[in-house]
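# Summary of structural features
If you want the building blocks of each chain, they are given just below.
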Amino acid sequence: MTEAQREQRELALGRSDGVCAVCGKPLNLGAPQYAHKIANTKTNRSKYGSFIIDHTLNGAMVCSLSCNQSMNIGFNRGAVLNLIADITLMEMRRFQNGM
């Protein structure tokens, strides 16, 4: 696991309050994992770029594989575009604030 991946997971875990982003069960009752909203695939990296795929807003902590699969928004074009807009706005604000 790279340092960037470790940071993604730490940030997602911090946002999760210890519960699954899909079903709300405590993460410690399952097999916690980091789920990408836009799947981490070669095709998606080519289409959206690593910046989007690796962004912290593109992931969340979930309790199981079934919840991980439920996080996938890749087939919902509107949801994908909304997430990309959120990521873009977050980074614009960060840039404007000199971070």
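Refer to the preceding data block for the structure.
Quick caveat: nothing in here was measured; it's all calculated off a predicted structure.

### Focus: helix α5 (residues 77-96)
The end-to-end C-alpha separation of α5 is 28 Å, in line with the 28 Å expected for 20 residues at 1.5 Å each. Close packing links the buried residues of α5 with α2 (42-48) and α3 (50-53).

### Structural notes on helix α1 (residues 3-16)
Spanning 14 residues, α1 covers 20 Å between terminal C-alpha atoms, matching the ideal 20 Å at 1.5 Å per step. Those residues of α1 lying buried are Gln8, Ala12 and Ser16. Summarising the axial view, the buried residues of α1 lie within an arc of 65°, below the 170-degree limit, and thus occupy one face. Those residues of α1 that are exposed and aimed more than 90 degrees away from the buried face are Glu3, Glu10 and Gly14. At its buried positions, α1 is contacted by β1 (33-36), α3 and β2 (59-62).

### Looking at the environment of Ala35
Its location among the elements puts Ala35 in strand β1. It is 6.1 Å that separates the C-alpha atoms of Ala35 and Met61, two residues lying 26 residues apart in sequence. Ignoring sequence-local partners within four residues, the contact set of Ala35 consists of Asn58, Gly59, Ala60, Val62, Asn68 and Met71.

Procedures and definitions
Starting from 1, residues in each chain are numbered consecutively following that chain's sequence as written. In view of the model being predicted, local features appear only for residues whose pLDDT reaches at least 70, and side-chain atom pairs are presented and counted only at 80 or more, with totals across whole chains, interfaces and linings using the full set of residues. Hydrogen atoms and water are omitted, and side-chain values are computed over all heavy atoms in the structure. Here a helix means four or more residues in a row that DSSP labels H or I, a strand means two or more in a row labelled E, and each is numbered from the N terminus. Expected span, for any helix, means 1.5 Å times one less than how many residues it has. Note on definitions: a residue-residue contact is assigned when non-hydrogen atoms from the two residues lie within 4.5 Å. The cut-offs for exposure are 20% and 50% of the maximum accessible area for each residue type, with area from a 1.4 Å probe on protein chains only; residues under the lower value are buried, those over the upper are exposed, and the others partly exposed. The arc in question is the one traced by the directions running from the helix axis out to the C-beta atoms.

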